[in-house]
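Residue-level structure breakdown
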Amino acid sequence: MKPKFSKDEIYDRLVPALCPPYTHALEYFKGRTAGAEFVVELGVGTGNIAKAILSATPTIKYIGLDTSAESLEKARQKLQGYTCELRQEDFSKALLPNAQIYVSSLSSHHLDHEQQNILFRRIHQVCPSFLHFELIAPQSKKEEEENNAYLKSCASKVAGELGLSSSDIEAMLEESNKHDKPMTLAEHIIQHKSHGVEFDLLLKDHCFVMYQTLRK
Ligand SMILES: C[S@@+](CC[C@H](N)C(=O)[O-])C[C@H]1O[C@@H](n2cnc3c(N)ncnc32)[C@H](O)[C@@H]1O
């Protein structure tokens, strides 16, 4: 079947369907940044998180980093009317600005665990709080099977709407899994606690978590 949408349009439709807690996470992103003056987003992508945050608190000084020129262009279109600085930068190499809150969604699970640890440490050095929505690895074979069944059922629900077959979506998931190196929730907690910050788990749904860290 020929896809009806561009890659970015598919992304915008696929993510909330394949990650049911994404919509719930957007509410945390809005609520937990309300009142903040300066927010930095790592991996701003097509601007979904930025739009949710800025629509709730348009006065925030917002910087979004991403390496993809194509996604940044989509984000620019989506964020017209909001004051927001979008930078084409690699967050693993960029100088991270001091800010009140760092936010990130589904943007670091492709990094090696040590690279994730280094990134988290750098965030904590420049910022008192980090809000993170992320894919996590299963802690057991049983959990892995449950997560796979969950993702398959989500994929079959969204396939028709996108003009794709369930197997097209499963193939896309498999392709993206090849590059993924998600950590378990326990590994996230250990890494953050080793940097001396508090870890507040906001949601866990199968292979997705959202948490906020706070400098003590
Ligand atoms: C799965 S998308 C998530 C986009 C957005 N945060 C969201 O939730 O819709 C991951 C994004 O992170 C970006 N990204 C991955 N590694 C990056 C890096 N080292 N520096 C900057 N951006 C990066 C990708 O280009 C992509 O746009």
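Residues numbered from 1 in each chain as written. Predicted model: local features only at pLDDT ≥ 70, side-chain atom pairs only at ≥ 80, totals over all residues.

1. Notes on helix 2 (residues 21-33)
- In this model helix 2 runs 18 Å from its N-terminal to its C-terminal C-alpha over 13 residues, within 8% of the 18 Å that 1.5 Å per residue would give.
- When we look at burial in helix 2, the residues that qualify are Ala25, Leu26, Phe29 and Thr33. Axial view of helix 2: buried residues confined to an arc of 110°, hence all on one face.
- Of the surrounding secondary structure, the elements contacted by the buried residues of helix 2 are strand 1 (38-42), helix 3 (48-56), strand 4 (101-105), strand 5 (129-135), strand 6 (197-205) and strand 7 (208-215).
- Once helix 2 finishes, Gly35 follows within two positions and takes phi at roughly 90°, a positive value. (Helix = DSSP H or I, 4+ residues; strand = E, 2+ residues; numbered from the N terminus. Expected span 1.5 Å × (residues − 1). Buried ≥ 20, exposed ≤ 12 C-beta atoms within 10 Å, placed from the backbone. Arc of directions from axis to C-beta. Contact = placed C-beta atoms within 7 Å.)

2. Focus on the site of the ligand
- In the vicinity of the ligand, 16 residues are found, and the nearest of them are Gly43, Gly45, Ser68, Ser105 and Ser107.
- Elements with a contribution of two residues or more to the shell around the ligand: helix 3 and strand 2 (61-66).
- A breakdown of the residues in the shell around the ligand according to their chemical character gives five nonpolar, nine polar and two charged. (Near = placed C-beta within 6 Å. Nonpolar A, V, L, I, M, F, W, Y, C, P; charged D, E, K, R; others polar.)

3. Re the domain arrangement of the protein
- Here the domain parsing of the protein yields domain 1 (7-139 + 179-215) and domain 2 (141-175).
- With ten residues of domain 1 in contact, the opposing surface of domain 2 contributes eleven residues.
- Counted by class, the side of domain 1 that touches domain 2 contains seven nonpolar, two polar and one charged residues. (Domains from an automatic or database assignment.)

4. Quick look at the packing of helix 2 against helix 3
- Where helix 2 meets helix 3, the closest approach of the two axes is 9 Å, and the angle between their N-to-C directions is 40°. For the element pair helix 2 / helix 3, the angle class is oblique. Between helix 2 and helix 3 lies a crossing of right-handed hand. Contacts between helix 2 and helix 3 involve Leu26, Phe29, Lys30 and Thr33 from the former and Ile49, Ala52, Ile53 and Ala56 from the latter.
- Across the contact of helix 2 with helix 3, the residue classes break down as six nonpolar, one polar and one charged. (Axes fitted to C-alpha atoms, helices over the stretch in contact; angles between N-to-C directions. Parallel < 35°, antiparallel > 145°, perpendicular 65-115°, else oblique. Left-handed = near helix turned anticlockwise from the far one by under 90°.)

5. Details of the pairing of strand 2
- Of all six residues in strand 2, five are buried; the element is thus mostly enclosed.
- Strand direction decides the pairing type here: strand 1 and strand 2, joined by five bridges, are parallel. The partner of Glu41 across the bridge, within strand 2, is Gly64.
- Running through helix 3, the crossover from strand 1 to the neighbouring parallel element strand 2 is right-handed. (Pairing = 2+ DSSP bridges. Right-handed = clockwise from strand over helix to strand, strands pointing away.)

6. What about the sheet that holds strand 1?
- Taken in spatial order, the seven strands make up an open sheet running 3-2-1-4-5-7-6, and their pairing is mixed. If you trace the sheet from one side to the other, it starts and ends with strand 3 (85-88) and strand 6, each paired once. Here the average twist between neighbouring strands, direction ignored, is 15°.
- Two strands pair when backbone bridges link them, and strand 4 and strand 5 are joined in this way by five bridges, in the parallel orientation. The residue of strand 5 that forms the bridge with Ile101 is Ser129.

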